[in-house]
Amino acid sequence: MIIIHGEDIVSARNQLNDLILAASARGSEIKRLSAKDADLTGITQILEGLTLFGQTPVLVIEGLFSLPKSKNKDLLLGFIAKYADRDIFLLEDKALTPTVLKPFSKAKTNEHKPPAIIFSFLESLRPNGATKSLKLLADLEAAHQPPELIFAMLIRQVRLLIQALEPATLKAAPWQKSRLTAQARLFGEGRLLKLHDNLYRIDKELKSGINPLDLSLHLFNLVANL
């Protein structure tokens, strides 16, 4: 079992894709499940079953640890933890704590952390403060950080800032909550909602191919117009 987790979802997904390609090259059958659609019966059939060639399939599940707290989630995690010696790949787009990973002590874990400069860039964002943010954005590009990672982290930051407008709803360490709350107040609700809408529009246009601009240019224009 390999658990791939961390906020650098681009790097994490690349590792998952490499593992799947390697397994496919060995002739393994890949069974992919979305955590929200997974159930104990289906997972049992995959883990206890065999392919036409007498092999055990490779199981890939995304977002299992991110499911809402429930009895079903506890059952799924407890069951899968017993198969640490099998070809199971679990992907999470967030960092998992040692406490969460403790039942999976026999599994191999790989955490993918974004570089510190990305957090400096995100914390620099504020109205009429584009100069510093654009400098940090240029530094990120010079360091060959994927624009997809920057964009994903920016979406995450804006969502946290919207939550920070009502601090009681924000689950974060006290120091992080304080920073997010202060940054959110600089924007105000109106600007943050507009920024969120712009991010959603860019994401939709990129996926549909409507807008010919590449993601790096979208990021530059977005930051320049804060």
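Residues numbered from 1 in each chain as written. Predicted model: local features only at pLDDT ≥ 70, side-chain atom pairs only at ≥ 80, totals over all residues. Heavy atoms only, no water.

Quick look at the nonpolar core
Basically, it comes down to this: Only buried residues count toward a nonpolar core, which is a set of Ala, Val, Leu, Ile, Met, Phe, Trp, Tyr and Cys residues joined through side-chain atoms within 4.5 Å. Residue burial is assigned from relative accessible area. The probe radius is 1.4 Å, only protein chains are included, and a residue is buried under 20% of its type maximum, exposed over 50%, and partly exposed in between. Think of it this way: any DSSP run of H or I at least four residues long counts as a helix, any run of E at least two long counts as a strand, and we number them from the N terminus. We call two residues in contact when some of their heavy atoms are within 4.5 Å.
One finds Phe-89, Phe-121, Leu-154 and Leu-199 to be the most contacted residues of the largest nonpolar core, which totals 42 residues. For this core, the leading source of residues is helix α7 (residues 147–164), giving 10 residues. With residues near it in sequence (within four places) discarded, Leu-199 still touches Phe-151, Leu-154, Ile-155, Val-158 and Leu-222. Of all hydrophobic cores here, the second largest spans 24 residues; its members include Ile-43, Ile-46, Leu-101 and Phe-104.

Considering the layout of surface pockets
Spelled out, the test is: Cavities and pockets are found on a 1 Å grid laid over the protein atoms alone: a cavity is a set of points where a 1.4 Å probe fits but cannot escape, a pocket is an open set with protein on both sides within 12 Å along at least five of seven lines, and a lining residue has an atom within 4 Å of such a point. Grid points are joined across faces, edges and corners, and a volume is the space filled by probe spheres set on the points. Each residue gets one label: Ala, Val, Leu, Ile, Met, Phe, Trp, Tyr, Cys and Pro are nonpolar, Asp, Glu, Lys and Arg are charged, and the others, such as Gly, are polar.
Estimated volume of the largest pocket: approximately 1,000 Å³. In this structure, the largest pocket is lined by 27 residues; those nearest its centre are Asp-93, Ala-152, Ile-155, Arg-156 and Arg-159. The greatest single-element share of the lining of the largest pocket, amounting to nine residues, is contributed by α7. A class-by-class count of the residues in the lining of the largest pocket yields 13 nonpolar, five polar and nine charged. The volume enclosed by the second largest pocket comes to roughly 290 Å³. If you go around the second largest pocket, you meet 14 residues; those closest to its centre are Leu-195, Asn-198, Leu-222, Asn-225 and Leu-226. Going through the elements one at a time, α8 (174–208) and α9 (215–224) are the ones with two or more residues in the lining of the second largest pocket. Per-element tally for the lining of the second largest pocket: the top contributor is α8, with seven residues.

Quick notes on unusual backbone geometry
In this structure, Asn-128 is a non-glycine residue whose phi angle is positive, near 60°. For Asn-128, the location among the structural elements is in the loop between α5 (116–124) and α6 (130–142). Its identity as a non-glycine residue notwithstanding, His-144 has a phi of 65°, on the positive side. Along the polypeptide, His-144 turns up in the loop between α6 and α7. On the basis of relative accessibility, which here comes to 71%, the residue His-144 falls in the exposed class.

Let's talk about the environment of Thr-56
Mapped onto the elements, Thr-56 comes out in the loop between α2 (40–48) and β3 (58–62). By relative accessible area, Thr-56 is classed as partly exposed at 37%. For the pair formed by Thr-56 and Glu-29, sequence separation is 27 residues and the distance between their alpha carbons is 7.9 Å.

Things to note about empty space enclosed by the protein
One pass over the structure, following the stated rule, counts one cavity of 30 Å³ or more. Taken as a whole, the largest cavity holds about 40 Å³ of empty space. Lining the largest cavity, in full, are Leu-125, Leu-154, Leu-195, Leu-222, Val-223 and Leu-226.

A short note on the packing of α5 against α6
Spelled out, the test is: Axis angles are defined between N-to-C directions and span 0 to 180 degrees, where every axis is a line fitted to C-alpha atoms and, for a helix, only to the segment in contact. Roughly parallel means an angle under 35 degrees; roughly antiparallel means over 145; roughly perpendicular covers 65 to 115; every other angle is labelled oblique. Definitions for this section: a left-handed crossing has its near helix turned counterclockwise from the far helix by less than a right angle. A right-handed crossing has that turn clockwise.
Running from N to C, α5 and α6 cross one another at 160°; their axes reach a closest spacing of 9 Å. Relative to α6, α5 is oriented roughly antiparallel. The crossing of α5 and α6 is left-handed. Between α5 and α6, the contacting residues are Ile-117, Ile-118, Ser-120, Phe-121 and Ser-124 on the first element and Lys-132, Ser-133, Leu-136, Leu-137, Asp-139 and Leu-140 on the second. Classifying every residue of the contact of α5 with α6 gives six nonpolar, three polar and two charged.

Considerations on the packing of aromatic side chains
Selection criterion: Aromatic rings from Phe, Tyr and Trp, with only the six-membered ring used for Trp, were paired whenever their centres fell within 6.5 Å, and each pair was classed as stacked if the ring planes differed by under 30 degrees, edge-to-face if by over 60, and tilted otherwise.
For the structure on display, the rule yields two aromatic pairs. Centre to centre, the rings of Phe-65 and Phe-104 are 5.3 Å apart; their planes meet at 65°, and the pair counts as edge-to-face. Placement of the pair is Phe-65 in the loop between β3 and α3 (71–80) and Phe-104 in the loop between α4 (98–101) and β5 (108–111), with a sequence separation of 39 residues. Residues Phe-65 and Phe-104 agree in their burial class; the two are buried.

Some points on the confidence of the model for the protein chain
Detailed reading of the predicted coordinates is not advisable wherever pLDDT is low. Basically, it comes down to this: pLDDT: the predictor's confidence for each residue, scored from 0 to 100.
Per-residue confidence for the protein chain gives a mean pLDDT of 91; residues scoring 70 or more make up 97%. Mean pLDDT values over the elements of the protein chain span from 87, in α2, up to 98, in strand β1 (residues 2–5).

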